[in-house]
Amino acid sequence: MSQYLDEIGEILGPERESLLTYTCWGIPSDMLVVPAPDFVDRFAAETDRSTPVLRSLQTLFDHGRLKGTGYLSILPVDQGVEHSAGASFAANPIYFDPENIVKLAIEAECSAVASTLGVLGAMARKYAHRIPFILKINHNQLLSYPNTYDQILFASVKQARDLGAVAVGATIYFGSPESPRQIQEVSAAFQAAHEMGMATILWCYLRNKAFKTKEKDFHLAADLTGQANYLGVTLEADIIKQKLPMTNGGFRDLHFGKTSPELYEKFVTDHPIDLLRYQVANCYMGRIGLISSGGASLGASDLREAVRTAVINKRGGGMGLILGRKAFQKPFKEGIDLIHSVQNVYLEKGISLA
């Protein structure tokens, strides 16, 4: 029996049929490792991850409203560093207080809360045993003038362990001049995190001025973001965070790197679920879970965009959504309701793999 399907269909509006009935064209669902309640037992347990890491991963899957589904709903609030606190919290100043960040994740029944050393360190003794903590260990910051874009370490893996985190998160700006150093730093940090029993989550973002042309923003191309995902799983990230793909053909149209015409002719159409499926394929066909970014808050369209992203992620073979600004830049109760609407997509059995 469909619990939420009609409500989700109404939110999707004109895209309802296109998104809810589409069948993937190039990579069929039977090629994928599918998120499921026994994901850690069946797949993560086959890897070189230690018993404490498996326990940490299972802790994420066993918490919140999506407990027991194999899907994740994570609240990320590191934008105070990444985008400035004023820009992030002016819409809702209660989130200058880190306790309200954690309270939002708890009240919204999220799988975990991901934030900075300052936020999680301030709240550790009160809340680390009540909701899984994910410590984001590196950040970009915009106080340098002129602005630069580089992910630098703000915290150590040992600090993550000491405050009770079950996982560490990090960002790499793949494609940037700084990416070789970031790759080496994150590789070392993820090795240390695994040795200390924590899971690892990698924000696999692209950044290069050449990726944005007058015609398209290839930072959101499926082929480029897919390759970023592949580099991320090579670093033994346990979960990959990626932005929703909006286009394709980055390697082809920018004339760099290596690609194959078959990618664009046989495997991937322009349908958003096909584009997402290619991202999942680059996560070892789903053996490493792909969670999609919720993106910036755009105001009135936030609910529709968040639910749309969740449907594309789930039907494409992803493992959930990591959604922040669309929720915390709204009144507290409205933010909870929006997160619950996203979670409904993963709870709705009538929405299946495409």
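Note: the structure precedes this text.
Because the structure is a prediction, the values reported are computed rather than measured. (Residues numbered from 1 in each chain as written. Predicted model: local features only at pLDDT ≥ 70, side-chain atom pairs only at ≥ 80, totals over all residues. Heavy atoms only, no water.)

Caption draft 1: Looking closely at unusual backbone geometry. For the bond from Tyr145 to Pro146, the omega torsion is 0°, close enough to zero to count as cis. With respect to the helices and strands, the residue Pro146 is situated in the loop between β4 (138-139) and β5 (152-153). Positive phi, close to 60°, is recorded for Glu109, a residue that is not glycine. On the secondary structure map, Glu109 appears in the loop between α6 (98-107) and β2 (112-115). For Glu109, a relative accessible area of 35% puts it in the partly exposed group. (Helix = DSSP H or I, 4+ residues; strand = E, 2+ residues; numbered from the N terminus. Buried < 20%, exposed > 50% of the residue type's maximum accessible area, 1.4 Å probe, protein only.)

Caption draft 2: Here's a closer look at the sheet that holds β2. An order of β1-β2-β3-β6-β7-β8-β9-β10 is seen for the 8 strands of this closed barrel, with the pairing classed as parallel. In this sheet, neighbouring strand axes are inclined to one another by 25° on average, regardless of whether the strands run parallel or antiparallel. Here helix α10 (residues 222-234) sits on the sheet and contacts β6 (167-174), β7 (199-206), β8 (239-242) and β9 (289-293); the angle it forms with β7, its principal contact strand, is near 150°. Here helix α14 (residues 302-316) sits on the sheet and contacts β9 and β10 (320-322); the angle it forms with β9, its principal contact strand, is near 160°. (Pairing = 2+ DSSP bridges. Axes fitted to C-alpha atoms, helices over the stretch in contact; angles between N-to-C directions. Contact = heavy atoms within 4.5 Å.)

Caption draft 3: Examining the pattern of salt bridges more closely. Under the criterion given, the structure shown has 20 salt bridges. A salt bridge links Arg49 to Asp48; the shortest N-O distance between them is 3.3 Å. Owing to a relative accessible area of 12%, Arg49 belongs among the buried residues under this scheme. The closest approach of N and O atoms between Asp162 and Arg161, which form a salt bridge, is 3.4 Å. Because the salt bridges share partners, they merge into one network encompassing Glu15, Arg304, Glu305 and Arg308. (Salt bridge = Lys/Arg side-chain N within 4 Å of Asp/Glu carboxyl O.)

Caption draft 4: Structural detail: the packing of aromatic side chains. Tallied over the full model, the rule gives 9 aromatic pairs. Ring geometry for Tyr95 against Phe328: centres 6.0 Å apart, planes inclined by 65°, an arrangement best described as edge-to-face. Linking Tyr95 in the loop between α5 (79-89) and α6 with Phe328 in helix α15 (residues 325-328), this pair joins segments that are 233 residues apart in sequence. Each member of the pair, Tyr95 together with Phe328, is buried. Pairing Phe251 with Phe256 gives two aromatic rings, centres 5.1 Å apart and planes at 40°, and the pair type is tilted. Taking the relative accessible area as the measure of exposure, Phe256 reaches 32% and is therefore partly exposed. Cluster of aromatic residues (ring-pair linked, three or more members): Phe89, Tyr95, Phe96 and Phe328. Taking NZ or CZ as reference, Lys136 lies 5.3 Å from the ring centre of Trp203, over its face. Across the ring face of Tyr173, the terminal group of Arg207 is positioned such that the distance to the ring centre comes to 4.8 Å. (Phe/Tyr/Trp six-rings, centres within 6.5 Å; stacked < 30°, edge-to-face > 60°. Lys NZ or Arg CZ within 6 Å of the ring centre and 35° of its normal.)

Caption draft 5: The arrangement of the packing of helix α13 (residues 272-281) against α14 in detail. For the pair α13 and α14, the least separation of the axes is 8 Å and the interaxial angle reads 55°. Considering their axes alone, α13 and α14 lie oblique with respect to each other. α13 and α14 meet at a crossing whose hand is right-handed. On α14, the residues touching Pro272, Ile273, Leu276, Arg277 and Val280 of α13 are Arg308, Ile312, Asn313, Arg315 and Gly316. Looking at side-chain class alone, the contact of α13 with α14 contains 5 nonpolar, 2 polar and 3 charged residues. (Parallel < 35°, antiparallel > 145°, perpendicular 65-115°, else oblique. Left-handed = near helix turned anticlockwise from the far one by under 90°. Nonpolar A, V, L, I, M, F, W, Y, C, P; charged D, E, K, R; others polar.)

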